[in-house]
Amino acid sequence: MNDASAPVLTARGVRLGFADDVVLDDIDLEVAPREFVAMVGASGVGKSTLLRAFAGLLAPQRGDVHLSTAEASASRDCSMVFQAPRLFPWRRVRANVELGLEGLGLSRDERRTRAMEPLSLVGLEELAERWPRTLSGGQQQRVGIARALAVRPRVLFMDEPFSALDALTRQRLQSELTELRQRSDAAIVFVTHDIEEAVLLADRVVVLAKPDKGAPATVRDIVTIDLPLARRREQSGFRDHVQRLEQHIGVAATPEETTS
Amino acid sequence: MTRPARHRRTLISAVSLATLVTLWETALRVGWLPSNLVPLPSQIPGVLWAEVLDGIWLDVVLSSLSHYSIGLVIGSVLGIAVGMAAALLPRFDAAHSWLARLLRPIPPLAWIPFAIIWFGVTETAAAFIISIGVFWINYFTSYSAVRAIDDGYYEVARAFGQGGFSARLAKISLPAAAPGILGGLRAGLGQGWMTVVAAELFGIPGIGQRMMEASGLLATDVVVVYMLTIAALYALFDFLFMRIQRRVLRWQQ
């Protein structure tokens, strides 16, 4: 395996929890460069917790997480899009996007130029000098995505980024994300509780589930979505993937191997 | 509030104040109130002018402003610094919390004996007393404002490589707590004026001392002149502060 195809994220035997309360255990996962991996599972299974551990925001109790080092200068290994956009209301849109660029050794002008690139990608360059409170929920989430892309990450973590949006905005952002990933070099790890959303966007879907009631969740299955990109819910094969994933999540007590 | 509604409100306030002053004047002129208890409102401008011409008004105002400014700056800076440190550093919070609880209920004026023992009847003593009152207001508002910051902002900062203490302080704690901190500063502006007069009643030169002298001579008109002076100075400071506050917090409007 050459360097270009080496995994950008490798997790081995990860255990996460709080003291004796283990939430997730034995998590193994590799994410290839530019790959889109979705993680699905029932509420409370620990999807967001695992994503935070991948992003270095939580330390695993056991096992390790390795992110490949960013090769480009003035970039970061990873960045994150949160469920709520969590923009800093005291910073204008452009200054919010610049957040991750601060401390990377860029001049003020370079930071401004770099911030405008992802803002342009998400179609918000004209709103760069606005305050976040003046933006709609969808626009705020786009700024959150631009903020994450600005640091040119090797891995972009997205924690249910569209779940708080109305259905129309969600659909629009889902299709924008499909376009964005084709123009970005980042691999994406995307947490969602919406199975259709996972099938719509991802190359692979990781199913997290508890083998028994009270046991920590683990990776039940990893399903490859072999449908061409720019997917539609009506296209053939889409429902099959959705049903297979639903079955895995819903019938947690009776494990069943699935390949696709 | 719409512009006509604002104008109506201003008009009602002005009419109400004018009515009160007229009643006050009338009550004295017709003998409903004894003239040795309160002065005639119509005498006040003349008495103010006489104080200005004698140079007394400017002297005492500058003197009080000096105590006030020094006490305000020291009390505010220390209050904000200690309040924020307590909110951000759990060990410091634990180390000082009992001391804070012990000292907080003691009114600033209770420190006057120590102020005089330590600094004498001097400007420093007045500034010290003023700074104590201002300190506690700023301490509590800063502490509460920093504690109320959504942890999510700190998580965002960490996710974007800004997790160090100084980055968090400059990029999150200070701007996010700014509305609360500025609220405390504004409250401190008022508290400072309340304390400045009380501190000067004990002989430190300034507005308070002049009011004490005048009351000893039953010159109630002079007392009222300086009461109005304090009100005008507070209104001026508050107005200027509001302008700055609006500018700093324009992201909220």
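Conventions we followed
Position labels on residues start from 1 in each chain and follow its written sequence. Lettering of chains starts at A and numbering of ligands starts at 1, both following the order in which they are written. Given that this is a predicted model, residues contribute local features only at a pLDDT of at least 70 and side-chain atom pairs are listed and counted only at 80 or more, while totals for whole chains, interfaces and linings are drawn from all residues. Elements are defined by DSSP. Helices are runs of H or I of four residues or more, strands are runs of E of two residues or more, and each kind is numbered from the N terminus. A helix is expected to span 1.5 Å multiplied by its residue count minus one. Buried residues are those with 20 or more other C-beta atoms within 10 Å of their own C-beta, exposed residues have 12 or fewer, and partly exposed residues lie in between; C-beta atoms are placed from the backbone. By our criterion, buried Ala, Val, Leu, Ile, Met, Phe, Trp, Tyr and Cys residues that link up through C-beta atoms within 7 Å make up a nonpolar core. Boundary definitions for the domains trace back to an automatic or database domain assignment. Strand pairing follows a simple DSSP-based rule, namely that at least 2 bridges must link the two strands. Every axis corresponds to a line fitted to the C-alpha atoms, with the helix fit spanning only the stretch in contact, and the corresponding angles, defined between N-to-C directions, vary from 0 to 180 degrees. For the purpose of contact definition, each residue receives a C-beta atom placed from its backbone, and two residues are in contact when these atoms lie within 7 Å. Each residue receives one of three labels: charged for Asp, Glu, Lys and Arg, nonpolar for Ala, Val, Leu, Ile, Met, Phe, Trp, Tyr, Cys and Pro, and polar for the others, Gly being one of them. Per-residue confidence from the predictor is reported as pLDDT, which spans 0 to 100. UniProt positions are given in the numbering used here, feature names are shortened, and annotations may be inferred rather than shown by experiment.

### Points about helix α4 (residues 137–149) of chain A
Residue and element names in this part refer to chain A.
Argument step 1. Look at α4: 19 Å from first C-alpha to last across 13 residues, which is about the 18 Å you get at 1.5 Å a residue.
Argument step 2. For α4, the buried fraction is high: 11 of the 13 residues fall into the buried class.
Argument step 3. Buried within α4 are the following residues: Gln139, Gln140, Gln141, Arg142, Val143, Gly144, Ile145, Ala146, Arg147, Ala148 and Leu149.

### Describing the nonpolar core
Side chains of a nonpolar character, in soluble globular proteins, are inclined to be buried together.
Argument step 1. Ranked by size, the top nonpolar core spans 118 residues in total, and within it Val155, Phe157, Val189, Phe190 and Val205 of chain A carry the most contacts.
Argument step 2. Ranked by residues supplied to this core, first place goes to helix α6 (residues 123–147) of chain B with 15 residues.
Argument step 3. Mapping this core onto the domain boundaries places at least three of its residues in each of domain 1 (33–56 + 156–260) and domain 2 (70–153) of chain A.

### Section: the sheet that holds strand β5 (residues 78–81) of chain A
Residues and elements named next belong to chain A.
Argument step 1. As summarised here, the arrangement of the six strands in space is β5-β6-β7-β3-β8-β9, forming an open sheet in which the pairing is mixed. Pairing within the sheet leaves two strands with one partner each, and these edge strands are β5 and β9 (218–224). Taking the axes of each pair of neighbouring strands and ignoring which way they run, one obtains an average angle of 20 degrees across the sheet.
Argument step 2. The pairing of strand β6 (residues 155–159) with strand β7 (residues 187–191) spans five bridges and is classified as parallel. Note that in β7 the partner of phenylalanine 157 across the bridge is valine 189.
Argument step 3. Strands β5 and β6 of the sheet are contacted by α4, whose axis makes an angle of about 175 degrees with β5.

### Focus on the domain arrangement of chain A
Residues and elements named next belong to chain A.
Argument step 1. You can read the domains of chain A as domain 1 (33–56 + 156–260) and domain 2 (70–153).
Argument step 2. Taken over C-alpha atoms, the centre of domain 1 sits 25 Å from the centre of domain 2.
Argument step 3. The partner domain 2 presents 14 residues to the 16 residues of domain 1 that form the contact.
Argument step 4. Elements with a contribution of two residues or more to the side of domain 1 that touches domain 2: β6 and α5 (167–183).
Argument step 5. Partitioned by chemical class, the residues of the side of domain 1 that touches domain 2 number 10 nonpolar, three polar and three charged.

### Focus on the interface of chain B and chain A
Argument step 1. Across the contact, 12 residues belong to chain B and 16 residues belong to chain A.
Argument step 2. Mapped onto the side of chain B that touches chain A, the elements with two or more residues apiece are α7 (151–159) and α8 (165–200) of chain B.
Argument step 3. Here the side of chain B that touches chain A gets six residues from one element, more than from any other, and that element is α7 of chain B.
Argument step 4. The class makeup of the residues in the side of chain B that touches chain A is seven nonpolar, three polar and two charged.

### A closer look at the confidence of the model for chain A
Argument step 1. Averaged over every residue, the pLDDT of chain A is 88; residues scoring 70 or more account for 93%.
Argument step 2. pLDDT under 50 marks residues 251–260 of chain A. Its contacts with residues more than four places away, or in other chains, come to 14 contacts.

### Some words on the UniProt feature "transmembrane region" (unreviewed entry) in chain B
Residue and element names in this part refer to chain B.
Argument step 1. Here the UniProt-annotated "transmembrane region" (unreviewed entry) positions come out as residues 68–89, 110–137 and 222–241.
Argument step 2. Helix makes up 95% of residues 68–89 and strand makes up 0%, while its end C-alpha atoms are separated by 31 Å.
Argument step 3. Annotation note: span residues 222–241, helix share 100%, strand share 0%, distance between end C-alpha atoms 28 Å.

### Examining the UniProt feature "domain: ABC transmembrane type-1" (unreviewed entry) in chain B
Argument step 1. UniProt tags residues 61–241 of chain B as "domain: ABC transmembrane type-1" (unreviewed entry).
Argument step 2. Spanning residues 61–241 of chain B, this segment combines 84% helix with 0% strand, and its end C-alpha atoms are found 19 Å apart.

### Focus: the pairing of β5 of chain A
For a regular strand, the rule is simple: side chains alternate between the two faces of the sheet.
Residue and element names in this part refer to chain A.
Argument step 1. With burial as the criterion, each face of β5 is covered, one bearing Cys78 and Met80 and the other bearing Ser79 and Val81.
Argument step 2. As paired elements, β5 and β6 share four bridges and run parallel to each other. Along β6, the bridge assignment pairs cysteine 78 with valine 155.

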